[in-house]
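# Overview (structure and organization)
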Amino acid sequence: MTNVYRYTIDLDERGELCSHVDQVFPDRDETIAEYDTENLSELIEDGIVRNPRDPSDIQNYLEEAGVITPSSVMLAGDDEDPDWEALEEAA
């Protein structure tokens, strides 16, 4: 089964960046990670994340940390929803 997550940037202005990751399939709207300017800065300084606005960088970090599986799909906050029926049938 493919798990689907959505990376949403909640605030990106004046040097502040806050974001979160929700699992949207199969469990919907379960927040699995939240980030603020401080902890995103630490991830950048440690070389773990290059671009905190890039969903694939966050996905790679979460995979390496064992939070999500490598077969997971990460959507950006403004991406269209996938075909939920097709995902359910494939599950």
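The structure this text deals with has already been given above.
We now turn to the structure provided with this report. Source: prediction; values computed, not measured.

### Focus: the sheet that holds strand β2 (residues 16-25)
If you trace the four strands from one edge of the open sheet to the other, you get β3-β2-β1-β4, paired in mixed fashion. Taken across any chain shown, the strands that pair with only one partner, and hence form the sheet edges, are β3 (30-35) and β4 (73-76). In this sheet, neighbouring strand axes are inclined to one another by 25° on average, regardless of whether the strands run parallel or antiparallel. Summarising the sheet, strand β1 (residues 4-13) and β4 pair through four bridges and their orientation is parallel. Paired with R6 across the strands is L75, a residue of β4. Sitting on the sheet, helix α2 (residues 55-64) is in contact with β1, β2, β3 and β4, with an inclination near 145° to β4.

### Focus: the side chain of N3
Mapped onto the secondary structure, N3 falls in the segment before β1. Judged by its relative accessible area of 17%, N3 is buried. Aside from chain neighbours lying at most four places away, what touches N3 is Q23, F25, P26, T69, S72 and V73.

About the cut-offs
- Residues numbered from 1 in each chain as written.
- Predicted model: local features only at pLDDT ≥ 70, side-chain atom pairs only at ≥ 80, totals over all residues.
- Heavy atoms only, no water.
- Pairing = 2+ DSSP bridges.
- Helix = DSSP H or I, 4+ residues; strand = E, 2+ residues; numbered from the N terminus.
- Axes fitted to C-alpha atoms, helices over the stretch in contact; angles between N-to-C directions.
- Contact = heavy atoms within 4.5 Å.
- Buried < 20%, exposed > 50% of the residue type's maximum accessible area, 1.4 Å probe, protein only.

Fair warning: the whole summary comes from geometry, so function is off the table for now.
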